[in-house]
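# Descriptive structure summary
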Amino acid sequence: MQESISFTPQLAASSIAHLLWLVPAAPIVAAGVTALLKQPKRKTSATMAIGSMSLSLMLSLVAFAHVVGAWAQGLAARETVNFSWIQFGATNVDLGWVLDPLSAIMLVMVTLVGLLIFIYSVGYMAHDENFTRFFCFLSLFAGGMLTVVIANSLLLFFMGWEIVGLTSYLLIGFWYQKPSAAAAAKKAFLVTRVGDVFFLLGIVWLFAQTGTLLFYNNGAGSMEHAALAALLGQPALLGLTAAGAIGLLIFAGAAGKSGQFPLHVWLPDAMEGPTPVSALIHAATMVAAGVYLVARVYPLMQAGALAGGTTTALTVVTWVGAFTAVFAALIAVAQNDIKRILAYSTVSQLGYMMAGLGMGGVAVGMFHLITHAFFKALLFMGAGSVIHGCHDEQDIRRMGGLKADMPLTFVTYAIGMLALCGFPLLFSGFWSKDGILEAAQHWSVAKTPFYMLVFGALLTAFYMTRQVAYVFFGHWRGGKTAHESPSSMTTPLWILAIFAMALGLIGTPAWPWFRAFLEGHATRFDMLGFAEPGLLALMGVSTVVVFLGLGLGWRVYGNRTPNPDEPDVLEAASPLVWGWLHDRLYIDEFYGLTVVAFYGWWGRVSDWLDRRVWGGLVSAVARVFGLWAQLNRFLDTNVVDGSFDKGCDELASGGGLLARVQNGRVQTYLRILALAVAALAVLLIWSSRA
Amino acid sequence: MNGLPVLTLLTVLPLVGAAIALVAGKHARDVALLTTLASLVVAVLIWMRLPLDGSIGLVERAVWAPSLGIEYHLGVDALGALMLLLSAIVTLMSVDAAHRVHHQPGLYFALVLVLEAGLFGSFTALNFFHWFLFWELSLIPAFFLIKLWGGTRRGPAATQFFIYTMAGSVALLLAFLAVFLSTNSMDFPHLTLLASTGELEQMVTAHLGPVTMWLAVGVLVGFAVKVPMVPFHTWLPAAYAEAPSPVTMLLTGAMSKMGVYGLLRIALPLFGAQIAQIRTPLLVMAVATVVMGAWAAAAQKDLKRIFAYMSVNHLGYCLLGIFALAVPNAGAAAQASQAAALNGVILQMFNHGLTAAALFWFVAMLQTRTGGHRGIDQFGGLRKPAPVLAGLMGIALFSSLGLPGLNGFVGEFLIFRGVFPLAWVAATVSVLGLLVTAAVILTVIQKVFTGPAPEHCVGFPDLHNGEKMALAPVIGLMLLIGLLPSLIVDTLNPTVVNLLAHWRF
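Bear in mind that the values here come from a model prediction, so they are computed numbers and not experimental data.

## Re the overall build of chain A
- When its secondary structure is counted, chain A shows 28 helices and three strands.
- Its C-alpha atoms give chain A principal-axis dimensions of about 105 × 60 × 55 Å.
- For chain A, with 690 residues in total, the buried portion stands at 55%.
- Considering only intrachain contacts with a sequence separation of at least 6, the fraction spanning at least 24 residues in chain A is 77%.

So, in structure tokens, the structure goes:
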């Protein structure tokens, strides 16, 4: 034990880098202790969860400050701590963690958003009988997610990844008495597992090829030059290099977790979970883990690209992302459940992030990930506040006029909505989405993704306006009157709202701090950043698109007081198109008729093969033996003796052959053989009669 | 412990316990508990006393019948010792689970202990004769345990189980007699040495003609039945379902490992070259075991049959690893993959034994609490009345699913790490097994623990303290191995390297 876990710091890792394991460990310990406590310990569990998360946040801030400090001094800002987990043959299976700008930014985001949602949950889940268990699962989730964030080993990454998947499963199915929640939980786990088995193959392949699972290890890691060069020289299938094939396998895992087409079907169903779960896991953090994974293995994805060019893996990432962005936005237009609209919006925005990674690189995709985490968490928590205030109503057609009843929720929700739409200048979503559009505009392969993403932006502004108009404007169409939520719920909304606006400041063309920090070069404030050719025109285009979407949405849905039982305005205009969009383009039904049906059918075939074919063969043999045994019973032991003798004769002739080679010991051999055959014959007969 | 014949003692201990249990009447279970606990202690001591270089240690040799090539030759390396540990743990669990034996408890626990002795004997024997004696010895108590204490259709199930395994044994025995006739030896290390230089095949050919391949097939059939490998597995669902659950724990937890152990101790060392020649069809059967096992589980409604087929699936990964690593002239990279696969296979044996035994234990609890129900559609919503049972069984189920952080993952990861570079098609098809098992396990959780509860599940009692105490170490071990597999692998790896160095493909 002591030998196997020997810490071998790669650089002279700082003390905060050494202590980084505490960040995920704190919530995991909290979860473990809560699980072992005699239930229910409501206050203790919430205190421990929030306390451990606060500790993680503080450590993350220290780590972040440390990395920023190193970067500002122009030092190498990546520190790793690696150790051997097990050894097979002479190969080590290494685990480890890494502190670099990428992990530092994610750490701060996850712990901050996580802490706010933990606090919010105290109010939201106050009346739930399984309050204690809820915080246990949330803490375990946070531990898994933070493991993903700091992992410097693909295997450790995968472990955190699966813990996160498990807790997502547990929390979607939190209200397990509801069959729909239990089914949604199962679906989420299985659909993401489809991606995960490809991911696992990618991991073992990468491990086999490079001999290491570490990302960075002083030049010997799998994301470093030597390993990547070897992978590029290794041909795989279909004209891909090993690097490309492994990159695609890993991306399949990312697509599953991040709800990319065609593995997106689980995410909208995941809204069966409590709303804080939707905010934390299915909007801000876990679903972004797939994007983070692509960012983490970006050197592999990019390996072999010529200057300004792209690779097969990145091209696939781009197309899948761009398609998902538009496709999910279209479906979002025709949904009536407040959380489902946001869920499809999340799928769509994750598509933007993937496309941003594919075309613009780590900084572009990651910036949208971070801004989205804040404004989408804000929107989900606002939606939770609305649902809470409307007595668990989720259908936006049965709401209305809430801007008067829930003013705080309304204002913060509006901020989140404008950030998501990419409202110009003031809101973070504008800057991060613009970065993606700019990258798409300059993409060397095709211009289509650019137009797709612009169209997606239009749709985003439209469906969000529709939602806000339904929920907050018009007049109240529900049952009992709505009420504003308690301050434990609204305070986190305000904090998130501030971030949803202010975060844009670190990624403007004038001060691209975020990109500089991630890419490790210096930056300063310079208004000339806007002077880049085409940039202002692009900002103009995206502004026009946003206003167009907002205006169209307002024109169709604003200040109307639709009857909840009447068809939607657009439905009346085109029932066919609406029906397809409303029914999510029938993709779930398609899977039901293909994959699920095949699963059941093949199961029955396997069972039939077992019972009829293999089992039938066995019964046929058994029948023969049975007849033989009956014959024995009715006749007399002479038959046994007879067959015994016959066996002896056969063996004698076989032995006789042998006797020519080894003289003198035939009797000995024969004695064993005869005894063994006799024993077997007796046993067989006796047992078949039994 | 030097000089003390500790392996003999370990084997004799349960036999003595069995004799006492026979006459102990209603205290038989206590006798069995004490005996199995003592055996576990000895097995742990053996594990800690293994030679560091991975070779065979704790050797005991005595003259027995030299003219027949029979020698009393015992010894264990980490492979054998790990199986001793597993057998001891699983038997203890099984005795612990069997607290409702009203019909002839003395005989029941005596048979369980004889079975344990059979397991210990076969995992320590290094001479074929001695090994075969215990291999068969373990079969007899298993037969009677199913036959006398089993479910409604126990008769046919027991007979099928017995005859099937016996048929495998005949193939095995005949093959070994041929080996003995050719080499005049039944000693495993000696035969391994002969095989590694190619002499074994020459001697067989010289004495009996070119039949070595047939001998390999005979040996493989013997073990394929025991593991089992598709299509030699049809005895298993009936036997596992009809046996009383504590006996099923023994069958799947320990006895199925005798087959995999045999492949590793006998088939690969002696017939590696032959296995390498027919590797492709063997891999096809291994993949079929993985995939068909999982899918057949998906079609079952009886919890015991579901877990029975899941056992087929999980042992399929062992077969996959074993056959994939049989590649001749391995270079450095392939050797690393072989080491990964073999470590994974042996770890998987242990993990599957632990997890599957735990799962059948939970089935026993579900059955006794609901008056004998075990169809998945007959349960529902049990998480509410029995949160602790749901939580612990959930952990065992997720261990079976291969969730990282629990024991099941480590073995499967190493197997896939080893198999993918050596046989990528087989590995790629086999991941289907991972998917389907996940679907099956989540369906079990969904049907048993969530949704509305049927009438007979109302007032379902949660685990009492005794059960919690009994299960805690098992679940703890799952977590411990999942997080710190080095506890086992550090000791195992030298043996793996040692074994691979002596095998020739």
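Now that the structure has been shown, we can carry on.
## What to know about the overall build of chain B
- Scanning chain B for helices and strands turns up 19 helices and two strands.
- Its C-alpha radius of gyration of 22 Å places chain B within 12% of the 23 Å reference for a compact globule of 505 residues.
- Expressed along its principal axes, the backbone C-alpha trace of chain B runs to roughly 70 × 55 × 40 Å.
- Classification of the 505 residues of chain B by burial places 66% in the buried group.
- For chain B, contacts bridging at least 24 residues in sequence account for 80% of all contacts bridging at least 6.

## Details of the confidence of the model for chain B
Residues and elements named next belong to chain B.
- On average, residues of chain B carry a pLDDT of 91, and 100% of them reach 70 or more.
- Looking over chain B, one finds the lowest element-wise mean pLDDT in helix 6 (residues 154-183), namely 86, and the highest in helix 3 (residues 78-97), namely 95.
- What the predictor reports for the complex is a pTM of 0.89 with an ipTM of 0.92.

## Describing helix 5 (residues 131-150) of chain A
- End to end, helix 5 of chain A covers 29 Å across 20 residues, agreeing with the expected 28 Å (1.5 Å per residue, within 8%).
- Counting buried positions over the 20 residues of helix 5 of chain A gives 20, a clear majority of the element.

## Digging into the pairing of strand 3 (residues 91-99) of chain A
Residues and elements named next belong to chain A.
- Across the nine residues that make up strand 3, a large majority, eight, are buried.
- Judged from the nine bridges that link them, strand 2 (residues 79-88) and strand 3 form a sheet pairing that is antiparallel. The partner of Gln-87 across the bridge, within strand 3, is Asn-92.

## Some thoughts on the interface of chain A and chain B
- On the side of chain B, 55 residues touch chain A, which itself brings 53 residues to the contact.
- Here the element with the most residues in the side of chain A that touches chain B is helix 7 (residues 179-210) of chain A; it accounts for 14 residues.
- For the side of chain A that touches chain B, the residue count by class is 35 nonpolar, 12 polar and six charged.

## A few points about the environment of Val62(A)
- Along the polypeptide, Val62(A) turns up in helix 3 (residues 42-72).
- In this structure, the C-alpha to C-alpha distance between Val62(A) and Ala469(A), residues 407 residues apart in sequence, is 42 Å.

## Considerations on unusual backbone geometry
- Across the junction of Phe261(A) and Pro262(A), the peptide omega takes the value 0 degrees, indicating a cis bond.
- Backbone torsion omega between Val227(B) and Pro228(B) reads 0 degrees, so that peptide bond is classified as cis.
- Among the secondary structure elements, Pro228(B) is positioned in the loop between helix 9 (212-226) and helix 10 (235-242).

## Brief notes about the pairing of strand 1 (residues 57-65) of chain B
Residue and element names in this part refer to chain B.
- Relative to strand 2 (residues 70-76), strand 1 is paired through six bridges, and the arrangement is antiparallel. Looking across to strand 2, one finds that Glu-60 is bridged to Leu-74.
- Here strand 1 hands over to strand 2 after four residues, with Gly-69 in that stretch at a positive phi of 70 degrees.

## As for helix 15 (residues 387-401) of chain B
- Taking 1.5 Å as the rise per residue, helix 15 of chain B with 15 residues should run 21 Å; its terminal C-alpha atoms sit 20 Å apart, in good agreement.
- In terms of burial, helix 15 of chain B is a largely internal element, 12 of the 15 residues being buried.
- When we look at burial in helix 15 of chain B, the residues that qualify are Leu389(B), Ala390(B), Leu392(B), Met393(B), Gly394(B), Ile395(B), Ala396(B), Leu397(B), Phe398(B), Ser399(B), Ser400(B) and Leu401(B).
- Each element contacted by the buried residues of helix 15 of chain B is listed here: helix 6 (154-172) of chain A together with helix 13 (303-324), helix 14 (332-369), helix 16 (407-422), helix 17 (424-449) and helix 18 (465-483) of chain B.
- Gly402(B) lies just past helix 15 of chain B and shows a positive phi near 90 degrees.

## Focus on the packing of helix 7 of chain A against helix 9 (residues 242-257) of chain A
Residues and elements named next belong to chain A.
- With their axes 7 Å apart at the nearest point, helix 7 and helix 9 run at an angle of 150 degrees to one another. The angle between the axes of helix 7 and helix 9 places the two elements in the roughly antiparallel class. With respect to the hand of their crossing, helix 7 and helix 9 are arranged in left-handed fashion. Here helix 7 contributes Val-191, Thr-192, Val-194, Gly-195, Asp-196, Phe-198, Phe-199, Leu-201, Gly-202, Trp-205, Leu-206 and Gln-209 to the contact with helix 9, which in turn contributes Ala-242, Ile-246, Leu-249, Ile-250, Ala-252, Gly-253, Ala-255, Gly-256 and Lys-257.
- Among the residues making up the contact of helix 7 with helix 9, the classes are represented as 13 nonpolar, six polar and two charged.

## Brief notes about the nonpolar core
- Grouped together as the largest cluster of nonpolar side chains are 465 residues, with contacts concentrated most on Val294(A), Ala377(A), Leu453(A) and Ala500(A).
- Examining the composition of this core, we find that 22 residues originate from one element, helix 14 of chain B, more than from any other.
- Non-local contacts of Ala500(A), meaning those with residues more than four positions away in its chain, are made with Phe374(A), Phe375(A), Leu378(A), Ile415(A), Gly416(A), Ala419(A), Phe427(A) and Ser428(A).

## Some details on the packing of helix 14 of chain B against helix 15 of chain B
Residue and element names in this part refer to chain B.
- The N-to-C vectors of helix 14 and helix 15 enclose an angle of 145 degrees; their axes lie 9 Å apart at closest approach. You can see that helix 14 and helix 15 cross each other, and the crossing is left-handed. Across from Thr-355, Ala-358, Leu-359, Phe-362 and Met-365 in helix 14, the residues of helix 15 making contact are Leu-389, Met-393, Ala-396, Ser-399 and Ser-400.
- Among the residues forming the contact of helix 14 with helix 15, the class breakdown is seven nonpolar, three polar and no charged.

## Side note on the environment of Arg612(A)
All names here are of chain A.
- Within the fold, Arg-612 resides in helix 26 (residues 587-634).
- Residue Arg-612 is classed as exposed on the basis of its C-beta count, with 11 C-beta atoms lying within 10 Å.
- Between the C-alpha atom of Arg-612 and that of Thr-285, which follows or precedes it by 327 residues, the distance is 49 Å.

## Comments concerning the environment of Ile376(B)
All names here are of chain B.
- Here Ile-376 lies in the loop between helix 14 and helix 15.
- When the 19 C-beta atoms within 10 Å are taken as the criterion, Ile-376 is described as partly exposed.
- The sequence separation of Ile-376 and Leu-303 amounts to 73 residues, and the corresponding C-alpha distance is 6.0 Å.
- When near neighbours in sequence (up to four residues on either side) are disregarded, Ile-376 contacts Lys-301, Leu-303, Val-444, Lys-447 and Val-448.

The rules behind each value
- Residues numbered from 1 in each chain as written.
- Chains lettered and ligands numbered in written order.
- Predicted model: local features only at pLDDT ≥ 70, side-chain atom pairs only at ≥ 80, totals over all residues.
- Helix = DSSP H or I, 4+ residues; strand = E, 2+ residues; numbered from the N terminus.
- Buried ≥ 20, exposed ≤ 12 C-beta atoms within 10 Å, placed from the backbone.
- Contact = placed C-beta atoms within 7 Å.
- Rg over C-alpha atoms; globule rule 2.2 N^0.38 Å.
- pLDDT = per-residue confidence, 0-100.
- Expected span 1.5 Å × (residues − 1).
- Pairing = 2+ DSSP bridges.
- Nonpolar A, V, L, I, M, F, W, Y, C, P; charged D, E, K, R; others polar.
- Axes fitted to C-alpha atoms, helices over the stretch in contact; angles between N-to-C directions.
- Parallel < 35°, antiparallel > 145°, perpendicular 65-115°, else oblique.
- Left-handed = near helix turned anticlockwise from the far one by under 90°.
- Core = buried A, V, L, I, M, F, W, Y, C linked by C-beta atoms within 7 Å.

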